[in-house]
Amino acid sequence: MSEERLRIAIQKSGRLSEGSFDLLKSCGLKVSRGKDKLYGRVHELPIDVLLLRDDDIPSFVADDACDVGIVGQNVFEEDRLNLEQEHAAEAVMALGFARCKLMLAAPKEWTFDSPEMLEGKRIATSYPGLTRLWLKEHGVKARPVMMKGSVEVAPRLKIADAVCDIVSTGATLDANGLKPVATVFESQAALIRRRAPFSAEKQATFEALLKRINGVITSRDAKYVMMNAPRSAVAAITEYLPGADAPTILELAGASDKVAIHAVCRESVFWDHLEELKNLGASAILVLPIEKMMP
Ligand code: ATP
Ligand code: ZN
């Protein structure tokens, strides 16, 4: 492994893996995996990929074993909170996938009307740092009980009174007689890097990687939108095209009072305003995908 190749750590297998590989692929980076499956190599840029357990990623990046990593904000924040000194790694950007919530959950029979309900209670969690921070912010004195897995069985086993765990559908909680009562932390995958400066070569690779990731993230929700509209409604319509800096206005052959509007805008918001656009006289609306976009 050459010194000057940027080393990126991603989860070997689990809920972050697919999104991480997809992101690299969308960046035009193909990872060829080594025989041992723990290591991969990218050909388009001088990048090596290390495949690890997600929990090891923050410390590997901090300790110089890797330069950057993709990990859940929940795992990185927890790692940060459990350190006495400043973490040697820092978050660079959120990546928009592996969204999940760390939630407090209590037995179904509790009427949970305020955080004070937790006063003096034991809370089973794999995230004692984030749990303690939430309790402090809400002025509640309770005791996190560290558990690495199967957190949701703790109340049944009388190891704890409540739990603080990652929740997606809530089905696991339900099966264990628990209900979510408060959100402690909202998470998604993030790119982290070592704080210490990279060598000039690694820095150049890192910047090239960041540029590609930015391009992918910006274009993920972006659409190229075209429509015809009365010339007098252009200003009003532009208001409803979020993220479109300056739409292109084109003459329509044989129609002096109508123009074509072309714009790049965020799809999620565009659909919310479809009715308003029609009411303003927009017609022949076309929404096209964008393959790549460089900000
Ligand atoms: P490993 O074997 O690598 O230690 P793990 O079992 O600890 O894996 P996963 O369940 O694969 O971890 O989850 C990895 C990360 O994915 C979590 O830390 C969180 O950021 C995110 N995640 C967890 N649950 C969900 C979910 N239901 N939906 C989306 N993302 C999730
Ligand atoms: Zn893990």
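Being a predicted model, the structure only gives us computed values, none of them experimental.

Asker: How should I be thinking about the environment of Gly72 in this particular structure?
Answerer: Structurally, the position occupied by Gly72 is in strand β5 (residues 68-72). C-alpha of Gly72 to C-alpha of Ile213: the two residues are 141 residues apart in sequence and 17 Å apart in space. Once residues within four sequence positions are removed from consideration, Gly72 is found in contact with Leu16, Ser187, Gln188 and Ala189.

Asker: Honestly, the site of ligand 1 in this entry has me stumped. Any pointers?
Answerer: Contacts to ligand 1 come from 15 residues, most closely from Gln11, Arg15, Arg53, Asp55 and Asn74. The side chain of Asp55 places a nitrogen or oxygen atom 2.8 Å from an oxygen atom of ligand 1. Taking Asn74, its side chain carries an N or O atom lying 2.7 Å from an oxygen atom of ligand 1. Relative to its free-state accessible area of 640 Å², ligand 1 is covered by the protein chains to the extent of 76%.

Asker: Please clarify how the domain arrangement of the chain should be interpreted in this entry.
Answerer: Much of the literature gives interface size as the accessible area that the parts lose upon coming together. Domain boundaries in the chain define domain 1 (6-97 + 189-219), domain 2 (100-186) and domain 3 (221-289). Domain 1 and domain 2 are separated by 30 Å when their C-alpha centres are compared. Tallying the contact residues gives 7 residues for domain 1 and 9 residues for domain 2. Buried area between domain 1 and domain 2, summed over both chains or domains, comes out near 650 Å², and the portion from carbon and sulfur atoms is 63%. When the buried area of domain 1 at its contact with domain 2 is split by residue, Asn74, Glu78 and Leu81 rank highest and sum to 69% of it. Viewed at the interface, domain 2 and domain 1 are joined by 0 salt bridges. Put simply, domain 1 and domain 2 have 3 residue pairs in polar contact (both at pLDDT 80 or more) between them. Residue classes in the side of domain 1 that touches domain 2 are distributed as 2 nonpolar, 3 polar and 2 charged.

Asker: What exactly am I supposed to notice about the sheet that holds strand β9 (residues 143-146) here?
Answerer: Adjacent strands of a sheet pair through backbone hydrogen bonds, lying either parallel or antiparallel. With respect to topology, 5 strands assemble into an open sheet ordered β9-β8-β10-β7-β11, the strand pairing being mixed. For this open sheet the edge positions go to β9 and β11 (178-187), each flanked by a neighbour on one side alone. Going from strand to strand, the sheet's axes swing by 30° on average, the running direction of each strand aside. Here strand β8 (residues 122-125) pairs with strand β10 (residues 162-167) via 3 bridges, running parallel. When the bridges of β10 are listed, Ile123 appears paired with Ala162. Sheet strands in contact with helix α4 (residues 128-137) are β7 (100-107), β8, β9, β10 and β11, and its direction is about 100° off that of β11.

Asker: What is the right way to look at helix α6 (residues 200-220) in this model?
Answerer: In an α-helix, one turn spans 3.6 residues; hence positions three or four apart end up facing the same way. Compared with the 30 Å implied by 1.5 Å per residue over 21 residues, the 30 Å span of α6 between its first and last C-alpha is a close match. Turning to α6, its buried residues are Lys202, Thr205, Phe206, Leu209, Leu210, Ile213, Gly215, Val216 and Ser219.

Asker: What is the right way to read the nonpolar core from this model?
Answerer: Generally speaking, nonpolar side chains in soluble globular proteins are found buried as a group. Residues Leu104, Leu118, Ile123 and Val184 are the most contacted members of the largest nonpolar core, which totals 28 residues. Contributions of two or more residues to this core are made by β4 (47-52), α2 (57-62), α3 (73-81), β7, α4, β10 and β11. Two domains each donate at least three residues to this core, and these are domain 1 (6-97 + 189-219) and domain 2 (100-186). Dropping the residues within four chain positions of it, Leu118 is found in contact with Leu104, Trp110, Phe112, Ile123, Trp134, Leu135, Val140, Lys141, Ala142 and Ala162. Counting 27 residues, the second-largest nonpolar core is a separate cluster that includes Cys27, Leu45, Ile70 and Leu95.

Asker: In this structure, what is going on with the packing of aromatic side chains? I would like to understand it.
Answerer: Each aromatic ring pair is described using two quantities: the centre-to-centre distance and the angle formed by the ring planes. Counted under the stated rule, the structure contains 1 aromatic pair. Between Phe198 and Phe206, the ring centres sit 5.4 Å apart and the planes meet at 85°, which makes this aromatic pair edge-to-face. Residue class for Phe198 comes out buried when judged on its relative accessible area of 10%. For Phe206, a relative accessible area of 4% corresponds to the buried category. Lying across the ring of Phe198, Arg193 places its NZ or CZ 3.9 Å from the centre. Over the face of the ring belonging to Phe206 we find Arg193, whose NZ or CZ atom lies 5.1 Å from the ring centre.

Conventions adopted
- Residues numbered from 1 in each chain as written.
- Chains lettered and ligands numbered in written order.
- Predicted model: local features only at pLDDT ≥ 70, side-chain atom pairs only at ≥ 80, totals over all residues.
- Heavy atoms only, no water.
- Helix = DSSP H or I, 4+ residues; strand = E, 2+ residues; numbered from the N terminus.
- Contact = heavy atoms within 4.5 Å.
- Near = heavy atom within 4 Å.
- Polar contact = N/O pair within 3.5 Å; in protein donor to acceptor, adjacent residues only side chain to side chain.
- Areas by Shrake-Rupley, 256 points an atom, 1.4 Å probe, with all protein chains shown as cover.
- Domains from an automatic or database assignment.
- Buried area = accessible area lost by both parts, 1.4 Å probe.
- Salt bridge = Lys/Arg side-chain N within 4 Å of Asp/Glu carboxyl O.
- Nonpolar A, V, L, I, M, F, W, Y, C, P; charged D, E, K, R; others polar.
- Pairing = 2+ DSSP bridges.
- Axes fitted to C-alpha atoms, helices over the stretch in contact; angles between N-to-C directions.
- Expected span 1.5 Å × (residues − 1).
- Buried < 20%, exposed > 50% of the residue type's maximum accessible area, 1.4 Å probe, protein only.
- Core = buried A, V, L, I, M, F, W, Y, C linked by side-chain atoms within 4.5 Å.
- Phe/Tyr/Trp six-rings, centres within 6.5 Å; stacked < 30°, edge-to-face > 60°.
- Lys NZ or Arg CZ within 6 Å of the ring centre and 35° of its normal.

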